[in-house]
Amino acid sequence: MKLLVTGGAGYVGSACSARLVEAGHEVVVVDDLSTGHADAVPEGCRLVQADVADVANTLLGEGFDGVLHYAAKSLVGESMQDPAKYWHGNVVTSLRLLDAMREHGTPRLVFSSTAAVYGEPDEVPIPETAPTRPTNTYGATKLAVDHMITSYAAAHGLAATSLRYFNVAGAHGRYGERHAIETHLIPIVLQVATGQRDQVQIYGEDWDTEDGTCVRDYIHVTDLADAHLLAIENATPGQHAIYNLGNGTGFSVRQVIEACRTATGHKIPAQTAPRRAGDPAVLVASSDRARTELGWKPERTDIATIVEDAWDFTRSR
Ligand code: UDP
């Protein structure tokens, strides 16, 4: 298939583009490089450096079999301080993209959604039927796009899938995480091992969990990329499928730090810090629906593999 990948110079977008190319698809990446990196775009992909909202209509006029939409603003804290950036960057841009797809009859869409649409869960593992009550603007904008896609699929026959990621981690070969502003646990811990930070702060050790630290569902980016491949290849016209993507197992902040100590051989000093606003104690996905309907099975579920792959990537840079 000829596929348009928005945000294909970012962490998840580049890993997924690489996976699509490996599977034999033709990939055109559109990315404004505001947070992505041109050298992260896989060999064999054409890169169009532009804002998706500006070029979607012209590009889709070339004729594409599908779009994988990763381009987004994704910093939770920033989304609370500068909501307009998120409503424009995530919602308005996605609407332009959907309109362009409709105009040119682009049949398939896979959208990068997020576990942040659920907010504080009533039950864990979290199923797709859980109430959606985002606690931040980032999650609210992603949920708004999910709603747009549902209505466009029903009215215009689009074959659409939203994939709601939990904590994406690890690296797919040379495609890994390198954000200018790093807020995620694993890259922060690895920055201690490379000497870029002195220590890691643990945001609260008095949570109602086994070791007192927060538990998250870390999903390997290669497993995530496999789910995108299945989603774009198996979408049904007129339907909007929604799948949670997680590993099904939670790991605590302490377990992650310990896995990083083992992978790096560095002692990685850690210090207790106050809880971070908006953090729930436990977030773990139920990915049963993705397993049964998409036939997806995550293969890299242990925290040691996830951290080792992230470390190989970090060391290679
Ligand atoms: N965390 C931490 N110290 C850090 C960064 C994160 O203790 O320097 C914790 C955070 O409170 C959460 C978990 O690690 O419980 C994962 O955080 P991350 O920001 O990676 O992902 P989130 O779950 O917020 O999407």
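Throughout this document, residue positions are counted from 1 along each chain, in the order its sequence is written. For this predicted model, a pLDDT threshold of at least 70 governs which residues receive local features, and a threshold of 80 or more governs which side-chain atom pairs are given and counted, while totals over whole chains, interfaces and linings are taken from all residues. Only hydrogens and water are removed before side-chain values are computed, so all heavy atoms of the structure are retained for them.

Per an unreviewed UniProt entry, the protein goes by the name UDP-glucose 4-epimerase and belongs to Kibdelosporangium banguiense. UniProt positions are given in the numbering used here, feature names are shortened, and annotations may be inferred rather than shown by experiment. Looking at the Sequence similarities (unreviewed entry) heading of the UniProt record, one finds this comment for the protein: "Belongs to the NAD(P)-dependent epimerase/dehydratase family." Under Pathway (unreviewed entry), UniProt gives the following word-for-word description of the protein: "Carbohydrate metabolism; galactose metabolism."

**Some words on the overall build of the protein**
Regarding its fold elements, the protein presents 10 helices and 14 strands. Taking 20 Å as the expected radius of gyration for a compact globule of 317 residues, we find that the protein reaches 19 Å, a close match to that expectation. Principal-axis analysis of the C-alpha atoms gives the protein an extent of 55 × 40 × 40 Å. The buried label applies to any residue whose accessible area, calculated with a 1.4 Å probe on protein chains only, is under 20% of its type's maximum; exposed applies above 50%, and partly exposed to all values in between. When each of the 317 residues of the protein is scored for burial, the buried share is 54%. Taking contacts inside the protein between residues at least 6 apart in sequence as the whole, the part at least 24 apart equals 79%. Surface accessibility of the protein: about 13,400 Å² in total, with carbon and sulfur atoms responsible for 48%. Helix and strand labels come from DSSP, where a helix needs a run of H or I of at least four residues and a strand needs a run of E of at least two; each type is numbered from the N terminus. In this setup the radius of gyration rests on C-alpha atoms only. A globule is expected at 2.2 Å times the number of residues raised to 0.38. We call two residues in contact when some of their heavy atoms are within 4.5 Å. Only the protein chains shown count as cover for residues, and all accessible areas are computed by the Shrake-Rupley method using a 1.4 Å probe.

**A word on the site of the ligand**
Residues are classed as near a molecule or strand on a simple rule: at least one heavy atom within 4 Å of it. In the vicinity of the ligand lie 14 residues, with Leu185, Gln201, Arg216, Arg276 and Asp279 positioned nearest. Pairs of N or O atoms are called polar contacts if they sit within 3.5 Å, as long as, within protein, a hydrogen donor faces a hydrogen acceptor (for residues adjacent in sequence, only side-chain-to-side-chain pairs). With respect to the ligand, the backbone of Leu185 contributes an N or O atom lying 2.8 Å from an oxygen atom. For the ligand, whose accessible area on its own is 520 Å², the fraction buried by protein is 87%. The set of elements that each furnish at least two residues to the shell around the ligand consists of helix H6 (185–193) and strand S8 (200–203). Of all the elements, S8 adds the most residues to the shell around the ligand, at 3 residues. In this count, Pro and Cys sit with the nonpolar residues alongside Ala, Val, Leu, Ile, Met, Phe, Trp and Tyr, while Asp, Glu, Lys and Arg are called charged and the others, Gly among them, polar. Class assignment for the residues of the shell around the ligand results in 7 nonpolar, 4 polar and 3 charged.

**Quick word on the side chain of Ser17**
Secondary-structure assignment places Ser17 in helix H1 (residues 11–22). Take Ser17: its relative accessible area is 0%, and that puts it in the buried class. Residues within four places of Ser17 in sequence aside, it is in contact with Val5, Gly8, Val27, Val29, Pro42 and Cys45.

**A few points about the sheet that holds strand S2 (residues 26–31)**
Whether two strands pair depends on DSSP finding at least two bridges between them. One open sheet accounts for 7 strands, arranged S3-S2-S1-S4-S5-S6-S11; its pairing is parallel. Each edge of the open sheet carries a strand with a single partner, namely strand S3 (46–49) and strand S11 (240–245). Put simply, the sheet's adjacent strands are angled 20° from each other on average, direction ignored. Taken together, the 4 bridges between strand S1 (residues 2–6) and strand S4 (residues 66–69) define a ladder with parallel strand orientation. Bridge pairing in S4 links Leu4 to Val67. In this analysis, axes come from line fits to C-alpha atoms, helices being fitted only over the stretch in contact, and the angle between any two N-to-C directions falls in the range 0 to 180 degrees.

**Considerations on the pattern of salt bridges**
In the sections that follow, a salt bridge refers to a side-chain nitrogen of Lys or Arg positioned within 4 Å of a carboxyl oxygen of Asp or Glu. One pass over the full model with this rule turns up 18 salt bridges. Of the charged contacts, one joins Asp223 and Arg300 as a salt bridge, the two residues approaching to 2.5 Å between their closest N and O atoms. Of this pair, Asp223 sits in helix H7 (residues 221–234) while Arg300 sits in the loop between helix H9 (288–294) and helix H10 (303–316), and the two are 77 residues apart along the sequence. Looking at Asp223, the relative accessible area reads 1%, which means it is buried. Across the pair Asp279 and Arg276 runs a salt bridge, and its minimum N-O distance is 3.2 Å. By relative accessible area, which is 13% here, Asp279 ends up buried. Here Arg276 falls in the partly exposed class, since its relative accessible area comes to 39%. Each of Arg19, Glu22, Asp223, Asp226 and Arg300 takes part in a single network of salt bridges with overlapping partners.

**As for the packing of helix H2 (residues 52–60) against helix H4 (residues 83–104)**
As a packed pair, H2 and H4 sit with axes 9 Å apart at the nearest point and diverge in direction by 10°. Taken together, the axes of H2 and H4 are roughly parallel relative to one another. Seen from H2, the contacting residues are Val52, Ala53, Ala56, Asn57 and Leu60; seen from H4, they are Thr93, Arg96, Leu97, Ala100, Met101, Glu103 and His104. Residues belonging to the contact of H2 with H4 are distributed by class as follows: 7 nonpolar, 3 polar and 2 charged. For classification purposes, an angle smaller than 35 degrees is called roughly parallel, one larger than 145 roughly antiparallel, one from 65 to 115 roughly perpendicular, and anything else oblique.

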